[in-house]
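Report on the structure
The lines below spell out each chain.
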Amino acid sequence: MLNSRRLGYTSAFLAAITLSASAQMHLVPEPRSVAAKGNVSLTGGVTIVCDGCDADDRFAASDLQQTLTERHVPTGAGLRIVLQRLAQHPDSQFTDAMKPEGYTIAYTPGTLTLTGATAPGVFYAAQTAKQLITAAPGATPMLQAADIRDWPAMKYRGLHDDLSRGPVDTLEFQKKLIRTLAAYKANVYSPYFESTQAYPSMPLSAIPGASLTPAEATALVAYAAQFHITVIPEQEAFGHVRHMLTWEQYANAAETPHGGVLAPGQPQSMQMIDGMFKDLAKMYPGPFLHIGGDETFELGYGRTRPDVDTRGLAPVYLDFMQKIVADLQPLNRKILFWGDIVGNERSAPLLKALPQSFKNSVTAVAWGYSPKPDFSSYLKPFADSGIPFWVAPSVNNYRQMWPNQNEALLDIQGFTRDGQKMGAQGQLNTLWNDTGESLANANWYGILFGAAAAWQQGESSIPQFQQSYGAVFHGDSTDLVDQAQNELNAAMQLLHDTKGFSGSDGTDGLFWVDPWSRHGQKYAVAMRPIAAPLRLHAERAIALLVQARTANPNLREQDALNAIDFAARRIDFLGLVYQLSDEMINDFAQAQATASSDHWKKAKPGVNWLFSEINSVNGRMQDLTYGYSYLRDQYEKQWLSSYRPANLRPVLERYDYTIQLWLSRIDQMRVMQRDWSDNHVINPAEAAKLGIPAPLTPVAASPIDTAPKP
């Protein structure tokens, strides 16, 4: 072995070599140590060897074989991939830190050896092996040969999946999530319930067809176990339970009438919590339960107001949290709770004063969804108090036409980095569906980076991930998918950087604003300078995707590619809506001015022509109705590819309402067109019904047509 110190190599130089090798091989997560050995042809095929393996390792071998078969890698006597345990094949370089989940991969001519000390270690070695083997239709399968040593930086690495803001995953899509998370070495999946898990003890808790049944929960847990994924159910047990509290049967538990917060002093509150979590413990037998506890905004506004006014919000909140945890102790689970209510400097003394028995029973999950130079203030109260904690960044998909990757990747990178520095035991990346519109297949970019950041030590490289995503996830060797992602990111950045839009609405809200409304006209001012560049970014994304699919019709994860295409078309249409709106406003104003002039018969363009630009076979109003109709149908397909039908209708109704709005304007415009044809009059009352705004600057009548007649 060469002595790097004697040769003068610095640790930074060696790290750069490792980064360069792994980046070139496009590995996600990036392994700790990679020694590339060049590309090896697999024309002779691949044989997977798992002699003396137990059931777990046989599953890892089978999973690897299935993936290679799906990618048309032939089976044969060429490369041998050997799966083995460290106990039977000792390795002095396999450190204690590596043993829980780490692995090694060693290449010698003809053999790729995957070694782990545990079943997860062997499984994760097999997941990396999948990425080392590339195959494309008509091309020779290749092994990117390498020696690799790798192990995780964080013990718990997972995804929090919102199943309560409209979309509810099908069981099959949840299984896909499990498989994909495991492929990128995450080991936690946490479905989020407000009222979407059915409880035998509370028959009114969930609506059939819009929730998971106990049988589905049991099936999900069993499926996840094969992939070394722990399912951690989160049932909100303090706030965010409005859908339950609208039932009259549970009214006495509410802090405020039909509100969303359980009142700490009400006996029925504890009865509901006790019943739900006893049921959950039977369905989800893992070591954790998550009780939520975030955003209890109504606390102190209703039944508990006298207590909160006397003692303060934090003491009342923490007393109830202690009561919940004490009640759940017989379940022998570690209790997770969100850290936002008491994770601050004011509450730090109260956290320190909590009994040790409580601290030993819980884990705080600190969440922060926007990039910051330093997240330590989110974590210090828990670190100082001795309460174990995780970090929870976000995919930033909520209220967005496309996840805001520019914010998400920086947030995931920084929060995970600082969590590791301060001793966080885990990372729980989050996705939320606030508006009920988010599409699951739009989230993979942030999900994969979250898994990578939790596995990798320190600050994960965003450029390295962005250069690897398309190749690893989609099997795209052209870089075109990554370029398409970058174009969408640039489009979203334009929207987020533009002043004049309402931040609380997000881009989802912006999409539904009527451009002729009061707010629509305000947003039109902000949209005008960015509509063209916004559309060009979106259109380049569409074109790049077409090129990528043409180059390789068998790209993987077609649903995710469809989501990119849909988002790009929706963003492009948003820009078009405001462009067409301005054109119709100006055409109508010019028609009015021309109709009022004494030369309207000789004007060019004439009133009829100007009106036909607004409403005709190829009118702008028709462009809008067709555009919304196309997106509506595509959205429905996207939804049904991953979600249950429940709760789809409210989103489709938005499309239908908007289509009807423009159809009604078409009818109203036709009335004015007929009046003009019959009487050469633009009726002011009819114009007022149409509701078309005045242009920002005055528009003159059309000039007289001086062109020579044929």
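Conventions and cut-offs
Residues numbered from 1 in each chain as written. Predicted model: local features only at pLDDT ≥ 70, side-chain atom pairs only at ≥ 80, totals over all residues. Heavy atoms only, no water. Helix = DSSP H or I, 4+ residues; strand = E, 2+ residues; numbered from the N terminus. Rg over C-alpha atoms; globule rule 2.2 N^0.38 Å. Lys, Arg positive; Asp, Glu negative; His and termini not counted. Charge placed at Lys NZ, Arg CZ, Asp CG, Glu CD. Buried < 20%, exposed > 50% of the residue type's maximum accessible area, 1.4 Å probe, protein only. Pairing = 2+ DSSP bridges. pLDDT = per-residue confidence, 0-100. Contact = heavy atoms within 4.5 Å. Disulfide = S-S within 2.5 Å. Core = buried A, V, L, I, M, F, W, Y, C linked by side-chain atoms within 4.5 Å. Polar contact = N/O pair within 3.5 Å; in protein donor to acceptor, adjacent residues only side chain to side chain. Axes fitted to C-alpha atoms, helices over the stretch in contact; angles between N-to-C directions. Parallel < 35°, antiparallel > 145°, perpendicular 65-115°, else oblique. Left-handed = near helix turned anticlockwise from the far one by under 90°. Nonpolar A, V, L, I, M, F, W, Y, C, P; charged D, E, K, R; others polar.

Let's shift gears to the overall build of the chain. Scanning the chain for helices and strands turns up 24 helices and 16 strands. In terms of C-alpha radius of gyration, the chain reaches 30 Å, essentially the compact-globule figure of 27 Å for 710 residues. Each of the three principal axes of the chain carries a C-alpha extent, and together these read 100 × 75 × 50 Å. Across the chain, the centroid of the 59 positively charged side chains sits 2 Å from that of the 69 negatively charged ones.

Okay, the pairing of strand 13 (residues 334–338) next. Most of strand 13 sits out of view: four of its five residues are buried. Here three bridges tie strand 12 (residues 288–290) to strand 13, and the two strands are oriented parallel to one another. From the neighbouring strand, Leu289 faces strand 13, where its bridge partner is Ile335. Note: strand 13 against strand 14 (residues 362–367), four bridges, orientation parallel. When the bridges of strand 14 are listed, Leu336 appears paired with Thr363.

Bringing the environment of Thr658 into the picture now. Counting through the fold element by element, Thr658 comes out in helix 23 (residues 649–679). Thr658 gets classed as buried once you look at its relative accessible area, which sits at 9%. Expressed as a C-alpha distance, the spacing of Thr658 and Trp512, which sit 146 residues apart in the sequence, is 7.9 Å.

Another point: the confidence of the model for the chain. Confidence in the prediction for the chain averages 94 pLDDT; 96% of positions are at 70 or higher. pLDDT under 50 marks residues 1–23. Its contacts with residues more than four places away, or in other chains, come to 20 contacts.

Under the definition given, this model contains one disulfide. The disulfide partner of Cys50 is Cys53, and the S-S distance across this bridge is 1.8 Å. One quick way to see it: the torsion about the S-S bond of Cys50 and Cys53 is about -105 degrees, and its sign makes the bridge left-handed.

Attention now goes to unusual backbone geometry. Both trends apply: most residues other than glycine have a negative phi, and most peptide bonds are in trans. Residue Pro29 follows Val28 across a cis peptide bond; omega there is -5 degrees. When you line up the elements, Pro29 lands in the loop between helix 1 (11–25) and strand 1 (33–41). Cis geometry is found at the peptide bond from Lys604 to Pro605, where omega equals 5 degrees. We note that His228 has phi near 60 degrees; this positive angle belongs to a residue other than glycine. Summarising the element assignment, His228 is placed in the loop between helix 5 (214–226) and strand 10 (230–231). For His228, a relative accessible area of 17% puts it in the buried group. A positive phi angle, near 50 degrees, is found at Glu295, a position not held by glycine.

The next thing to look at is the nonpolar core. One finds Ile81, Leu83, Leu112, Leu114 and Met527 to be the most contacted residues of the largest nonpolar core, which totals 202 residues. With 14 residues, the next largest nonpolar core counts Tyr156, Phe288, Ala392 and Leu428 among its residues.

Here we take up the environment of Asp434. Along the chain, Asp434 turns up in the loop between strand 16 (426–431) and helix 14 (444–455). Expressed as a C-alpha distance, the spacing of Asp434 and Ala567, which sit 133 residues apart in the sequence, is 17 Å. Not counting residues within four places of it along the chain, the set of residues in contact with Asp434 comprises Arg165, Tyr398 and Arg399. Here the side chain of Asp434 touches Arg399 through a polar contact of 2.6 Å, side chain to side chain.

On to the packing of helix 19 (residues 531–551) against helix 20 (residues 558–595), then. As a packed pair, helix 19 and helix 20 sit with axes 8 Å apart at the nearest point and diverge in direction by 155 degrees. In terms of orientation, helix 19 and helix 20 fall into the roughly antiparallel class. For the pair helix 19 and helix 20, the crossing hand works out as left-handed. Contacts from Ala531, Ala532, Leu534, Arg535, Ala538, Glu539, Ala541, Ile542, Leu545 and Arg549 in helix 19 reach Gln558, Leu561, Asn562, Ile564, Asp565, Ala568, Arg569, Ile571, Asp572, Gly575, Leu576 and Gln579 in helix 20. Considering only residue class, the contact of helix 19 with helix 20 consists of twelve nonpolar, four polar and six charged.

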